[in-house]
Amino acid sequence: MSESADGRAATLNFNIGVLGHVDSGKTSLARALSSTASTAAFDKNPQSRERGITLDLGFSSFTVDLPEHLRDAGDQPRRYDSLQFTLVDCPGHASLIRTIIGGAQIIDLMMLVVDVVKGVQTQTAECLLIGELTCPRMMVVLNKIDLLPPNKRQSAIEKMTKRLHKTLESTRFKECPVIAVAAKPGGPEAPDTEEPLGVPDLIELLKKQTYLPKRDPGGDLLMAVDHCFSIRGQGTVMTGTILQGSLAINDSVEIPALKVTKKIKSVQMFRKPVSGAMQGDRVGVCVTQFDPKLLERGVVCTPGSLRTIYAAIISVRKIGYFKGSLATRAKFHITVGHETVMARVIFFGLPPVSAPEPPSDTKPTPPQPCSLETPFTFDREYFYQDEYITSQGEASSGPDPEQWALLEFERPVTCPSLCLVIGSKLDTDIHANACRLAFQGYLLHGFEDKGYTETALPRLHIYKTKHKEGQVERVTDDYTVIGRNLFKKETNLQLFVGLKVTLSTGETGIIEGGFGQSGKFKIRVQGGLSPEAKQLFSSATKKKGKGGSKGGPANEEEPKTDSQPVSIHLHFKRSSFINTDAGVW
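Residues numbered from 1 in each chain as written. Predicted model: local features only at pLDDT ≥ 70, side-chain atom pairs only at ≥ 80, totals over all residues. Heavy atoms only, no water.

Chemist: Hey, could you go over the overall build of the protein chain for me, with residue numbers and the actual values?
Modeler: Helix and strand counts for the protein chain stand at 9 helices and 32 strands. The burial tally for the protein chain puts 50% of its 585 residues in the buried class. Counting only contacts in the protein chain whose residues sit at least 6 apart along the sequence, the fraction spanning at least 24 positions is 72%. For the protein chain, the exposed area adds up to about 28000 Å²; of that, 48% sits on carbon and sulfur atoms. (Helix = DSSP H or I, 4+ residues; strand = E, 2+ residues; numbered from the N terminus. Buried < 20%, exposed > 50% of the residue type's maximum accessible area, 1.4 Å probe, protein only. Contact = heavy atoms within 4.5 Å. Areas by Shrake-Rupley, 256 points an atom, 1.4 Å probe, with all protein chains shown as cover.)

Written as structure tokens, this is what we have:
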């Protein structure tokens with residue numbers, strides 16, 4: 001939304017993402033719709049122009065009279081007399097899904113372009129998933145209807161429309177409108193004299209689908225920059241979309257990736273000078289004494305408002321169409337803000353609701369689903385998970401248990417707080433018919449210290465439940481036994497003093513400390529050994545006396561019953577991020 005520098009009436013800017021499978025005709029559709037191209041429009045990449053495939057976000061726009069339903073809608077700070085559609089032409093090229101995600105975060109309405117002959121393809125489905133994560137509304141455009149025989153065209157369109165509605169039934173877009181067009185009759189090589197089919201009807205449908213997006217000029221500025229170039233005698237122009245906040249002439253803005261701050265000299269919206277702009281506007285911002293080669297894509301912001309982080313804690317939800325498990329310590333491509341970087345992922349959840357000492361022959365109870373969102377806090381204990389836990393196969397068919405993840409980035413990233421995070425497996429075979437989007441969530445906490453593993457992670461209380469088993473070596477008295485084979489010789493036994501153990505004969509005791517230098521330990525049985533246990537130990541001792549070898553000690557064997565030693569069971573919690581010298585750690 002903007003007001004011109006000379007005080008003329010304002011224009012409402014509405015961002016439409018044009019997404020779809022490669023070669024579905026997205027760029028041709030944007031060309032057919034647009035009357036004014038911005039500096040980044042229709043692919044800057046020469047290779048892309050040669051091949052006819054979009055490799056980067058392209059921006060273009062066209063302006064129409066403000067629809068009647070928007071004239072008095074909402075409690076807006078200003079009135080508008082025109083509506084500007086900004087088309088964000090996102091790539092369908094398989095290896096550049098990260099660019100699609102970067103574009104989808106600035107979109108008010110998604111226009112999913114589908115080849116009417118081929119229908120839904122792999123990248124079509126991925127674009128649909130991205131739309132579900134990032135866009136409130138969607139419409140489907142069936143393109144290339146000129147390829148259908150005229151006598152069968154209408155029935156083919158109706159058949160494809162029915163199939164699409166069935167596909168969309170389980171999504172948030174189940175009732176979205178579908179319209180058929182031919183953006184470039186005859187294909188990319190056809191002369192421009194061929195008039196597009198159905199485009200006027202598409203523009204009318206777009207006008208009906210518009211709404212007043214929630215725009216907030218308050219808060220820190222965050223602008224996604226997609227292009228940077230110089231103008232002789234003027235300075236350097238950065239074009240992009242304002243994701244939050246506002247800007248005005250003479251404001252200072254920071255380029256956090258370069259640690260550089262510049263003052264805004266002038267502002268334009270599609271070559272029209274304006275005094276300022278706010279969230280949702282697409283603008284060109286001119287600054288001086290800045291080399292455009294230093295910044296092609298990135299963000300600018302209010303000085304000091306963005307942080308560079310080395311790791312992060314996020315909320316996490318698995319994307320249902322992703323096949324296979326999400327394993328802890330696996331690496332994923334993480335898209336956060338407008339960057340994509342590899343990161344190692346560690347999943348964790350709420351502690352089990354069952355007793356904290358599970359039987360040794362069962363796995364720990366997984367975290368239970370929560371009816372309310374549980375805020376993350378460093379004051380709570382969390383349960384380490386070997387993988388993301390789903391509700392599938394469990395008695396409950398509800399949502400997945402509430403879970404979080406620690407992301408450890410291979411290189412630092414600069415991003416705003418509470419931003420969308422998407423985890424992908426972009427190295428999956430691009431020809432495989434498989435969804436590469438694995439999980440999504442929001443950034444809850446970032447670690448800015450490069451040495452976060454030493455300074456910050458110990459604050460994160462994530463634990464595993466561990467079970468160790470040893471044997472009773474001998475009985476000292478009715479209240480004391482000596483155990484072995486539970487710890488290594490080099491283990492710091494002081495870490496285990498006071499922990500409870502259970503004997504296979506039923507008694508419980510407390511580890512009092514070490515016994516000798518070989519890893520043996522002393523157990524205090526508070527209630528004393530039971531008569532049955534004492535009888536067992538007594539008979540075992542007699543057997544040992546008879547079994548001694550000539551010239552050797554007669555009682556070096558442990559107590560036995562039916563040739564089985566009396567075992568000692570220790571259940572304890574092990575912190576994932578506390579460094580110790582204990583051998584069992």
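Chemist: Explain the packing of aromatic side chains to me, using residue names and the numbers behind them.
Modeler: With the rule as written, the count across this model stands at 18 aromatic pairs. Between the aromatic rings of Phe62 and Phe85, the centroid separation amounts to 5.1 Å while the plane-to-plane angle is 35 degrees, which identifies the pairing as tilted. Here Phe62, found in strand β4 (residues 58–65), pairs with Phe85, found in strand β5 (residues 80–89); they are 23 residues apart in sequence, far enough to count as distant. Exposure remark for Phe62: the relative accessible area of 4% places this residue in the buried category. Under the relative-accessibility criterion, Phe85 is labelled buried at 0%. Every member of this aromatic cluster is reached through a ring pair, and the members are Phe348, Phe376, Phe378, Tyr382, Trp404, Phe447 and Tyr452. Lys425 extends its terminal NZ or CZ atom over the ring of Phe332, reaching a point 4.6 Å from the ring centre. Its end group placed over the ring of Tyr463, Lys573 keeps NZ or CZ at 4.6 Å from the ring centre. (Phe/Tyr/Trp six-rings, centres within 6.5 Å; stacked < 30°, edge-to-face > 60°. Lys NZ or Arg CZ within 6 Å of the ring centre and 35° of its normal.)

Chemist: With reference to specific residues and values, describe the pattern of salt bridges.
Modeler: One pass over the full model with this rule turns up 12 salt bridges. A salt bridge links Glu126 to Arg436; the nearest nitrogen and oxygen atoms lie 2.7 Å apart. In this pair, Glu126 is assigned in helix α5 (residues 122–134) and Arg436 in the loop between β23 (420–424) and β24 (437–447), connecting sequence segments 310 residues apart. Each of the two residues, Glu126 as well as Arg436, counts as buried. The residue Arg307 makes a salt bridge to Glu448 at a minimum N-O spacing of 3.4 Å. Taken together, the residues span a long stretch of sequence, with Arg307 in strand β18 (residues 307–318) and Glu448 in the loop between β24 and α8 (452–455) at a distance of 141 residues. (Salt bridge = Lys/Arg side-chain N within 4 Å of Asp/Glu carboxyl O.)

Chemist: Describe unusual backbone geometry, listing the residues and the values that go with them.
Modeler: A positive phi is found at Lys144, a non-glycine position, where the angle reads about 70 degrees. Among the secondary structure elements, Lys144 is positioned in the loop between β7 (138–143) and α6 (153–167). You will see that Lys259, though not glycine, has its phi angle at about 55 degrees, which is positive. Mapped onto the fold, Lys259 is located in the loop between β12 (252–255) and β13 (260–263).

Chemist: Report on the nonpolar core, specifying residues and quantitative values.
Modeler: Counting 31 residues, the largest nonpolar core has Leu29, Leu33, Met111, Leu202 and Leu206 as the members making the most contacts within it. Those residues within four positions of Leu29 in sequence are excluded, and the remaining contacts are Met111, Val113, Val141, Val181, Ala183 and Leu202. Membership of the second largest hydrophobic core comes to 25 residues, among which are Ile314, Phe332, Ala343 and Phe439. (Core = buried A, V, L, I, M, F, W, Y, C linked by side-chain atoms within 4.5 Å.)

Chemist: Any details on the pairing of strand β15 (residues 272–278)? Residues and values, ideally.
Modeler: In terms of strand pairing, strand β11 (residues 246–248) meets β15 through 3 bridges, oriented antiparallel. In the strand pairing of β15, Ser246 is matched with Met278. Both strand β14 (residues 266–269) and β15 contribute to a ladder of 3 bridges, which runs antiparallel. Residue pairing in the sheet places Gln268 in a bridge with Pro273 of β15. (Pairing = 2+ DSSP bridges.)

Chemist: Please provide a residue-by-residue account of α6, values included.
Modeler: Between its terminal C-alpha atoms α6 stretches 21 Å, which fits the 21 Å expected from 15 residues at 1.5 Å a residue. Within α6, the full set of buried residues consists of Ile157, Met160, Thr161 and Leu164. The arc enclosing the buried residues of α6, seen along the axis, measures out at 105 degrees, which places them on a common side. Set apart from the buried face of α6 by more than 90 degrees, the exposed residues are Lys159, Lys162 and Lys166. Buried positions along α6 lie against β6 (109–115), β7 and β8 (178–180). (Expected span 1.5 Å × (residues − 1). Arc of directions from axis to C-beta.)

All quantities given are derived from atomic positions and should not be read as evidence of function.
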